[in-house]
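# Structural characterization, general
Take a look at the letters that make up each chain.
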Amino acid sequence: QLHLVESGGGLVQPGGSLRLSCAASGENFIYHAIGWFRQAPGKEREGVSCISSTGGTIVSADFVKGRFTISRNNDANTVHLQMDSLQSDDTAVYYCAARDLPVCGSSWPSKRDFGSWGQGTQVTVSS
């Protein structure tokens, strides 16, 4: 399993941007697809975006609507989520998770097979 640590969350005004980072430690980072999920108060945890082990395949939730961009650097064992045009509905705790497979899979945005999770980083969009 991988150990994952998220960072980059904070308070931002509507229309603003944030860049979240997910730093991984452990073996075989390059063999894991990585997903970003989020959970708002009182709501289920939902998938935001997922990137395959090579970065060649990306899947994203409809609500991303081109506002968020996921990327990864396998040399640095990191995954980033660039979030632009943030809205109040984006307020949530954001988690990164490693899938036990190199692809995001047809089950996305299911959390199935995501065996390693970070502790989360709070994103608050408010004026």
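The structure contained in this document is the topic of the report that follows. (Residues numbered from 1 in each chain as written. Predicted model: local features only at pLDDT ≥ 70, side-chain atom pairs only at ≥ 80, totals over all residues. Heavy atoms only, no water.)

## As for the overall build of the protein
Broken down by element type, the protein carries 0 helices and 11 strands. Listing each helix as α and each strand as β along the protein from the N terminus yields β-β-β-β-β-β-β-β-β-β-β. Against the 2.2 N^0.38 benchmark of 14 Å for 127 residues, the protein shows a C-alpha radius of gyration of 13 Å, consistent with a compact globule. Considering only C-alpha atoms, the protein reaches an extent of 40 × 25 × 25 Å along its principal axes. Here the analysis covers contacts within the protein between residues at least 6 apart in sequence; of these, 60% occur between residues at least 24 apart. In the form shown here, the protein has an accessible surface area of approximately 6,300 Å², with 47% of it arising from carbon and sulfur atoms. Separation of charge centres in the protein, based on 10 positive and 11 negative side chains, amounts to 4 Å. (Helix = DSSP H or I, 4+ residues; strand = E, 2+ residues; numbered from the N terminus. Rg over C-alpha atoms; globule rule 2.2 N^0.38 Å. Contact = heavy atoms within 4.5 Å. Areas by Shrake-Rupley, 256 points an atom, 1.4 Å probe, with all protein chains shown as cover. Lys, Arg positive; Asp, Glu negative; His and termini not counted. Charge placed at Lys NZ, Arg CZ, Asp CG, Glu CD.)

## Quick word on the pairing of strand β3 (residues 18-25)
Side-chain positions along a regular strand alternate between the two faces of the sheet. Summarising the sheet, strand β1 (residues 3-7) and β3 pair through 5 bridges and their orientation is antiparallel. Across the sheet, the residue bridging to Ser 7 is Ser 21, located in β3. In this structure, β3 lies alongside strand β8 (residues 78-83), joined through 6 bridges in antiparallel fashion. Within β8, the residue paired with Arg 19 across the bridge is Gln 82. (Pairing = 2+ DSSP bridges.)

## Details of the state of the cysteines
Evaluation of the coordinates by the stated rule reveals 2 disulfides. Through a disulfide, Cys 22 is tied to Cys 96; the S-S separation comes to 2.1 Å. Disulfide Cys 22-Cys 96: torsion about the S-S bond near 70 degrees, hence right-handed. One end of the pair, Cys 22, is in strand β3; the other, Cys 96, is in strand β9 (residues 92-99), and 74 residues separate them in sequence. Residues Cys 22 and Cys 96 agree in their burial class; the two are buried. (Disulfide = S-S within 2.5 Å. Buried < 20%, exposed > 50% of the residue type's maximum accessible area, 1.4 Å probe, protein only.)

## Digging into the pattern of salt bridges
The final tally for this structure, using the stated rule, is 4 salt bridges. Salt-bridge contacts for Asp 90 lead to Arg 38; the nearest nitrogen and oxygen are separated by 2.8 Å. With Asp 90 in the loop between β8 and β9 and Arg 38 in strand β4 (residues 34-39), this residue pair connects regions lying 52 residues apart in the sequence. Residue classification places Asp 90 among the buried residues on the basis of a relative accessible area of 1%. Given a relative accessible area of 5%, Arg 38 falls into the buried group. Notably, a salt bridge pairs Asp 113 with Arg 99, separated by 3.2 Å at the nearest N-O pair. Highlighted residues: Asp 113 in the loop between β9 and β10 (114-117) and Arg 99 in strand β9, separated in sequence by 14 residues. (Salt bridge = Lys/Arg side-chain N within 4 Å of Asp/Glu carboxyl O.)

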